[in-house]
Amino acid sequence: MWTAAAYRIVQEALTNVVKHARTSHARATVAHAPGEVALTVVDAGAGRTTTPVTEGHGLTGMKERATLYGGEFHAGPLSPHGFRVTARLPYATDARAAQFPVGADLEGA
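Residues numbered from 1 in each chain as written. Predicted model: local features only at pLDDT ≥ 70, side-chain atom pairs only at ≥ 80, totals over all residues. Heavy atoms only, no water.

A. Main features of the pattern of salt bridges. Counted by the stated rule, this structure contains one salt bridge. E36 is the salt-bridge partner of R88, the closest N and O atoms lying 2.5 Å from each other. Placement of the pair is R88 in strand β4 (residues 83–90) and E36 in strand β2 (residues 36–43), with a sequence separation of 52 residues. Owing to a relative accessible area of 39%, R88 belongs among the partly exposed residues under this scheme. Judged by its relative accessible area of 27%, E36 is partly exposed. (Salt bridge = Lys/Arg side-chain N within 4 Å of Asp/Glu carboxyl O. Helix = DSSP H or I, 4+ residues; strand = E, 2+ residues; numbered from the N terminus. Buried < 20%, exposed > 50% of the residue type's maximum accessible area, 1.4 Å probe, protein only.)

Nothing here speaks to function; it is geometry throughout.
Laid out in structure tokens, this is it:
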């Protein structure tokens, strides 16, 4: 379910802050509108200014979770320091559509 994906994306992003950012502060924001939830995790830690951001297991997993539900995922450094993770996940807004996950076979429904 998309709610579990949203939870896990925020959880993994905060885990990455603890592991890599060398900071004690981060901000997680969850915003919603009809049919969409937007997730943002930002820290003001060390960031990456000289080396490219590689997709380790955590970033790859977050991206896969977002795209599984038809969403978007972005992650990258902030200037002059820090890092931001954003994800947008669509969700069904009516009872009938909520019965079927994204990509479900709707024939005979």
